[in-house]
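Listed here are the chains, written in short residue letters.
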Amino acid sequence: MEDQAPPMCPEDIIDISNEQVFANGDIYVGKFKGFLPHGEGKYTWSDGKIYEGQWEEGKMTGKGCMRWRSGATYEGGFSGGYLHGFGTLTGVDGSVYTGAWRMNVQHGTGIKDYSNSDFYEGSWKEGLQEGNGRYVWNTGNTYVGNWKAGNMCGRGVMMWANGDEFHGFWLDGLRHGSGLYSFANEGYYVGTWSRGLKDGQGTFYPTGSKVLSLPKLYRDLGRDGDNRSVLSHTSSVGAKEFKVWKRRITRSLSEKFLAGVRRKKSVRISNRSVSLHSDWCPGDSVKDVPLRERARALSLPFREGHDTVEEDNLVYVREYMQGVLIKESVQNYAEGMDNRSKMKNKLQDKETKKRPGEIIFKGHRSYYLMLNLQLGIRYTVGKITPVPMREVRSSDFGPRARIQMYFPRNGSQFTPPHYSIGFWWKDFCPMVFRNLREMFKIDAADYMMSICGSDGLRELSSPGKSGSIFYLSQDERFVIKTLRRQELMVLLKMLPNYYNHVQSYENTLITKFFGLHRIMLKGGRKVRFVVMGNMFRTELRIHRRFDLKGSSQGRCTDKQEIDENTTLKDLDLSYVFQMDKSWRESLFKQISLDSTFLESQGIIDYSLLLGVHFRAPQHLKVFSGSALTELSYSGSSKSHGMSSQELSVPPKGLLLVTHEPSSVSTEPGPHIRGSTLRASTAGNQEVDLLLPGTGRLRVQLGVNMPAQANCKLPHEEDDESTVDLIEVYDVVLYLGIIDILQEYNMKKKIEHTCKSFCYDPNTISAVEPHLYSKRFISFLEKVFPDQT
């Protein structure tokens, strides 16, 4: 959009009076500075567009009014010829936006009334809703919460006109993560969602239920860690007249949010559908909101299936798989309950544990440790990034290759002041880990923002016996684990060979390390951290997790402790997984290479971490064991001429298509470096996994790998049939080799000797590296059997 006067030359000027007519037909009437419009003036373009307002050396700058021939008008701030500052745009469709602008697009805090009577107030970024905001549909439905790129994303509250509400997390305009759905009849469901569908375990509390503190759940889901409303505004604009207006938006958002949380819902649930009217007209002269279709879809009343039980102590523990209820148990918490308040606390704790991690907030036991870690990483990455890229040298390895700095609270010549406690920071082998991040295409700025951003970290409980604490970055790209001193020394010792190994094998399944740090607090307490890639960072829900070592002693989980977030062990695994033959060959080739490397370093106790995403149960097939031997996995989209008694593999839930780089996510991270897999059943072409209703995913070794999970069903007591029934699920697999920092040292040798007196030496975990590697691969060959 060229909204400034053309360069003026003497030959262009026909009339030298206050009204200047240019050769291209444009007309300017106003003040000049030399040959350039300067001060108050009116400019009329030959296409009918008119600007009247302030100029500065030939460019629209200051206050002014722009009118387009289409009928759209803008009144407000300009800078350098652009809509910039605070102003009001009225579109040709009747929509009105009032708020902050930057370079011709909405950017900052603003209000928009749409032509269809929808309404939004809150933050904008590059023309799209982003940050905190409130959207009201013409149907009466309201969303208050976080936005990103024009979609509901993050934490927020959806309030339907029929009285239903959802408090929880969103992704791309859909419910995604933990949340609470409350019904107009005052029943509610607490659980997890994936891409808009219930997915995982949850609890339904019927109308009148008194066993859970609803206000506490609202507070947990609606406020952040430091007890501020997640919807409080922080955006600002420079216009003086905008300050009062902005405070009104902030107060309005907070009041609306709290009112939605506390209000008594008395409206009955309605099954009446709401029709969609015409959406928006792209007639505005500046960038509008192209992604509102998804947001509008969420404005429809969402019908959650629920019972109408009035028992005040009955609750329903349910498990969903992509919106399909697969398991339900009814519990009565009144039985044997002597103290109701104790039971409430117990249930609240149970619900809290379902969330994937605990947000670290001010007052949390790890709050200052988190601040120190973020300060140190920001300092180190900022210091090492400007250093020219080069190959690592022998001097870059070892305990002496480090950056060390003291961070006093009041700051120093080299460090900024901060709100944590003073601490010593040590960063090991910074050049090596900088090169590793570059190797995996992780941008330094993205790395710092992911770990050191304002959202903070989440603390995860450890599934192992090491006692390590795990922290998860808010975007879930990185996992930070505390280390014992011995583990740190093992990593430093093996780091040169580790660096060469991951450099040589881009598809390695071994944990990706991106940083090694130590914090020493006053009093001498030392905390060591390693930053790793999160192999489960995916838009698909991981329904089951398995930690597989190949040993059997103590490798089972108490059935009463199992939930969807439990990491199960070898003896808990009841499935075998079948995949494309070429993929299996590539998988075991890489597992063999990685195991050989770990064996050469004297490492044991490592395991294969396996994440399984099950597709919806409607794709489940059950057939006899004899039929299973005739199956061959086909990832192509071609139909097969099978009879009704045969199984078409794969069912509609999984589909492999030719790889298109532009159609899949290329966001940098731990998985971006590996090559795209080729499928022998698809003409040996690189393939993507197409999941209807979910998206298109790039298939790599250990990432987004489609397969079949086969589980043998137990025979009924009166069943005399000799034919085994097999349950078959479509699944997507995620896997990698973890826990690679345990040497077969003297302590482990003693453990092996002692346990050998009580158990079969081949079944215990602590065995010498060669035997461990051999047993590990042998066990996995049974988990992923060869179909030939």
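Residues numbered from 1 in each chain as written. Predicted model: local features only at pLDDT ≥ 70, side-chain atom pairs only at ≥ 80, totals over all residues. Heavy atoms only, no water.

**Here we look at the overall build of the protein**
Part 1: What the protein contains, in helices and strands, is 12 helices and 41 strands.
Part 2: Per-residue burial over the protein gives 53% buried out of 788 residues.
Part 3: For the protein, contacts bridging at least 24 residues in sequence account for 55% of all contacts bridging at least 6.
Part 4: Summed over all atoms, the accessible surface of the protein reaches about 36600 Å², with 51% contributed by carbon and sulfur. (Helix = DSSP H or I, 4+ residues; strand = E, 2+ residues; numbered from the N terminus. Buried < 20%, exposed > 50% of the residue type's maximum accessible area, 1.4 Å probe, protein only. Contact = heavy atoms within 4.5 Å. Areas by Shrake-Rupley, 256 points an atom, 1.4 Å probe, with all protein chains shown as cover.)

**Quick word on the packing of helix α5 (residues 367–384) against helix α6 (residues 430–439)**
If you want to describe how two helices pack, look at the angle between their axes and the distance between the axes.
Part 1: Across the interface, α5 lies against α6 with an axial gap of 11 Å and an inter-helix angle of 80°. In terms of orientation, α5 and α6 fall into the roughly perpendicular class. Contact with α5, carried on its side by Thr380, Val381 and Ile384, involves Pro430, Met431, Arg434 and Arg437 of α6 and no other residues of that element.
Part 2: Within the contact of α5 with α6, the residues separate by chemical class into 4 nonpolar, 1 polar and 2 charged. (Axes fitted to C-alpha atoms, helices over the stretch in contact; angles between N-to-C directions. Parallel < 35°, antiparallel > 145°, perpendicular 65-115°, else oblique. Nonpolar A, V, L, I, M, F, W, Y, C, P; charged D, E, K, R; others polar.)

**What to know about the packing of aromatic side chains**
Part 1: Applying the stated criterion across every chain, the model contains 46 aromatic pairs.
Part 2: Arranged with centres 6.2 Å apart and planes meeting at 75°, the rings of Phe397 and Tyr499 form a pair that is edge-to-face. Taken together, the residues Phe397 in the loop between α5 and β22 (402–407) and Tyr499 in helix α8 (residues 485–504) connect sequence positions 102 residues apart.
Part 3: The exposure class of Phe397 is buried, given its relative accessible area of 16%.
Part 4: A relative accessible area of 4% places Tyr499 in the buried class.
Part 5: Seen from the ring of Phe166, Arg175 lies directly overhead, with NZ or CZ sitting 5.5 Å from the centre. (Phe/Tyr/Trp six-rings, centres within 6.5 Å; stacked < 30°, edge-to-face > 60°. Lys NZ or Arg CZ within 6 Å of the ring centre and 35° of its normal.)

**Details of the pattern of salt bridges**
Part 1: Overall, the coordinates contain 23 salt bridges when judged by the stated rule.
Part 2: A salt bridge links Arg195 to Asp172; its shortest N-O distance comes to 3.3 Å. Taken together, the residues Arg195 in the loop between β16 (188–194) and β17 (197–198) and Asp172 in the loop between β14 (165–171) and β15 (174–182) connect sequence positions 23 residues apart.
Part 3: Residue Arg318 pairs with Glu328 through a salt bridge whose shortest N-O separation is 2.5 Å. Taken together, the residues Arg318 in strand β19 (residues 314–321) and Glu328 in strand β20 (residues 324–332) connect sequence positions 10 residues apart.
Part 4: Note on Arg318: relative accessible area 5%, which makes it buried. (Salt bridge = Lys/Arg side-chain N within 4 Å of Asp/Glu carboxyl O.)

**Details of the nonpolar core**
Part 1: Phe577, Leu733, Ile740 and Phe784 are the most contacted members of the largest nonpolar core, which has 122 residues in total.
Part 2: What Phe577 contacts, discounting residues up to four positions off in sequence, is Leu610, Val612, Gln708, Ala709, Val731, Leu733, Val783, Phe784 and Pro785.
Part 3: In this structure, Leu89, Tyr181, Leu314 and Tyr316 belong to the second largest nonpolar core, which totals 36 residues. (Core = buried A, V, L, I, M, F, W, Y, C linked by side-chain atoms within 4.5 Å.)

**Quick notes on the pairing of β15**
Part 1: Of all 9 residues making up β15, 7 are buried, and the element is well covered by its neighbours.
Part 2: By the bridge criterion, 6 bridges tie β14 to β15 in an arrangement that is antiparallel. Among the inter-strand pairings, Trp170 is bridged to a residue of β15, identified as Arg175.
Part 3: Remark: 2 residues form the turn of the hairpin made by β14 and β15, two consecutive strands paired antiparallel; Asp172 in that turn has positive phi of roughly 55°. (Pairing = 2+ DSSP bridges.)

**A word on the environment of Ser473**
Part 1: Relative to the helices and strands, Ser473 is located in strand β25 (residues 470–473).
Part 2: When near neighbours in sequence (up to four residues on either side) are disregarded, Ser473 contacts Ser450, Leu457, Arg458 and Phe478.
Part 3: A distance of 3.3 Å separates the side chain of Ser473 from the backbone nitrogen of Arg477, its partner in a polar contact. (Polar contact = N/O pair within 3.5 Å; in protein donor to acceptor, adjacent residues only side chain to side chain.)

**Brief notes about the packing of helix α9 (residues 581–600) against helix α12 (residues 769–783)**
Part 1: Between α9 and α12, the shortest axis-to-axis distance is 9 Å and the interhelical angle comes to 165°. Here α9 lies roughly antiparallel to α12, going by the angle between them. Like other packed secondary-structure pairs, α9 and α12 cross with a definite hand, here right-handed. Mapping the contact onto sequence places Arg584, Phe588, Ile591, Ser592, Ser595 and Glu599 in α9 and Pro769, His770, Ser773, Phe776, Ile777, Leu780 and Glu781 in α12. (Left-handed = near helix turned anticlockwise from the far one by under 90°.)

Nothing here speaks to function; it is all geometry.
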